[in-house]
Structures are given as C-alpha cells and as structure tokens.
Amino acid sequence: MTSNEIKEVLLWCVGINYGALVVWFGLFVFAHDWMYRLHTRWFKLSVESFDSFHYLAMSIYKIGIILLNLVPLIALFLSR
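Residues numbered from 1 in each chain as written. Predicted model: local features only at pLDDT ≥ 70, side-chain atom pairs only at ≥ 80, totals over all residues. Heavy atoms only, no water.

Participant: Could you clarify how one ought to interpret the side chain of K7 in this entry?
Facilitator: Within the element layout of this structure, K7 appears in helix α1 (residues 3-30). For K7, which is buried and forms no salt bridge, the nearest opposite charge comes from E8, at a distance of 11 Å. The residues contacting K7, other than those within four sequence positions of it, are L73, L76 and F77. (Helix = DSSP H or I, 4+ residues; strand = E, 2+ residues; numbered from the N terminus. Buried < 20%, exposed > 50% of the residue type's maximum accessible area, 1.4 Å probe, protein only. Lys, Arg positive; Asp, Glu negative; His and termini not counted. Salt bridge = Lys/Arg side-chain N within 4 Å of Asp/Glu carboxyl O. Contact = heavy atoms within 4.5 Å.)

Have a look at this one:
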C-alpha cells in the first residue's frame, strides 16, 4: 500500500468511527430511557451506574479513535 492509500483508509476510519460515536451519543441523549430499560433486562443497574458506564465507554472509544486513527493520519500528512 502506498502512503496515499493508507491516508485514505485512515480518513475513512476516522469518519466512520466518529459517526458511530455521534450515533451512540445521540441514542444516549435522545433515547436514554429506552436504552436503560433495554439494558436493565439483562443487568441490574442503577441509572447512575448506567450513565457513568456509557460516559466512560464513550471516552475510551474516543481516545481509541484519536490514538489509533487520527494521530497516524496526522503523522502521515506531516511526513510529506
């Protein structure tokens, strides 16, 4: 693969991953009660623990996107 192909793949990865993060956040904000009811069918969770879990998971996912996709993309753009 050439560096241009890698840049294109990483750019698509950033876009798709941020899209998934935005959808997740949107569902969390606008369908919070539905998501909570869905998850409490399987797990015993308080609203506070449900919220903190999703906040932590979204933070970890965002850091993963930045470290694994965005930083290599920026490094490739700066290398030329």
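Okay, back to it.
Participant: Explanation requested: the packing of aromatic side chains in the structure shown.
Facilitator: How two aromatic rings sit relative to each other is given by the distance of their centres and the angle of their planes. Under the criterion given, the structure shown has three aromatic pairs. Their ring planes at 65 degrees and their centres at 6.2 Å tell us that W24 and Y61 sit as a pair that is edge-to-face. Taken together, the residues span a long stretch of sequence, with W24 in helix α1 and Y61 in helix α3 (residues 47-78) at a distance of 37 residues. By relative accessible area, which is 28% here, Y61 ends up partly exposed. Among the aromatic residues, ring-to-ring pairing joins F28, Y36 and F50 into one connected group. (Phe/Tyr/Trp six-rings, centres within 6.5 Å; stacked < 30°, edge-to-face > 60°.)

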